[in-house]
Amino acid sequence: MRITNKRLIAIMAGILLSNYCFAGAWTLPEGKLYDKASVNKYTSDPDFTDMNLGNYVEYGLTDDVSLVNSIYYKKIRNTYTVSGTTTTTTTTGIGDIEIGLRHKLAEDPSGIFSHQAIVKIPGGYDKNSTLPLGNGQ
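## Overview of the pairing of strand 3 (residues 65–82)
On a regular strand, each side chain points to the face opposite its neighbour's, so the side chains alternate between the two faces of the sheet. In terms of strand pairing, strand 2 (residues 48–60) meets strand 3 through 13 bridges, oriented antiparallel. Following the sheet pairing, glycine 54 is matched in strand 3 by tyrosine 72. With antiparallel pairing between neighbouring strands as the criterion, strand 2 and strand 3 make up a hairpin whose turn holds four residues. Of the pairings in the sheet, the one linking strand 3 to strand 5 (residues 97–108) comprises six bridges and is antiparallel in character. Paired with serine 70 across the two strands is glutamate 98, which belongs to strand 5.

Written as structure tokens, this is what we have:
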């Protein structure tokens, strides 16, 4: 695929404005905490299930800088058949942990613009497992 100037501008706008467009740009006021616990279950047919308990936290270090963190405990199960033999594989444990900072660059009545840097830390799992709990980055 050839990248034209129009495509390049569209890609750059998407990257630079993604937080602005999807309302993820807000930072918390200093000392404020946002904590969200979640339970998710993804199923594809009866053969694949991904259940996870998650925790997402934001904390306002200053009015313009927030600390963000997410961690998940996961259980993944997959059943497959090869040459008439059915096998079920299950993996449980902590998935990738994300920690980072969000920095508000500008705010006016039309919206907020920010950027963030996130570090993804592999959880205590084998990235070479048949069903890894994260992407191992």
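## Let's talk about the confidence of the model for the protein
Per-residue pLDDT for the protein has a mean of 84; in total, 89% of the residues score no lower than 70. Looking over the protein, one finds the lowest element-wise mean pLDDT in helix 1 (residues 5–21), namely 68, and the highest in strand 2, namely 94.

## Looking at the side chain of asparagine 52
Take asparagine 52: it is sitting in strand 2. With relative accessibility at 7%, the residue asparagine 52 sits in the buried group. Sequence-distant contacts of asparagine 52, that is, excluding residues within four places in its chain, are made with Ser38, Val39, Asn40, Tyr42, Tyr72, Tyr73 and Lys74.

## Quick notes on the pairing of strand 6 (residues 111–121)
Here strand 5 runs beside strand 6; their pairing, made up of eleven bridges, is antiparallel. By the bridge assignment, leucine 101 is partnered in strand 6 with alanine 117. In this antiparallel pair of consecutive strands, strand 5 and strand 6, the connection spans two residues.

## Regarding the pattern of salt bridges
All chains considered together, the criterion is met by five salt bridges. Linking aspartate 64 and lysine 104 is a salt bridge whose minimum nitrogen-to-oxygen distance equals 3.6 Å. Residue aspartate 64 is found in the loop between strand 2 and strand 3, and its partner lysine 104 is found in strand 5; the two are separated by 40 residues along the sequence. Put simply, lysine 120 and glutamate 98 hold a salt bridge, and the shortest N to O gap is 3.7 Å. Remark: glutamate 98 occurs in strand 5 and lysine 120 occurs in strand 6; sequence separation between them is 22 residues. Judged by its relative accessible area of 31%, lysine 120 falls in the partly exposed class. Within this structure, Asp64, Lys104 and Glu107 form a network of salt bridges that share partners.

Conventions we followed
Residues numbered from 1 in each chain as written. Predicted model: local features only at pLDDT ≥ 70, side-chain atom pairs only at ≥ 80, totals over all residues. Heavy atoms only, no water. Pairing = 2+ DSSP bridges. Helix = DSSP H or I, 4+ residues; strand = E, 2+ residues; numbered from the N terminus. pLDDT = per-residue confidence, 0-100. Buried < 20%, exposed > 50% of the residue type's maximum accessible area, 1.4 Å probe, protein only. Contact = heavy atoms within 4.5 Å. Salt bridge = Lys/Arg side-chain N within 4 Å of Asp/Glu carboxyl O.

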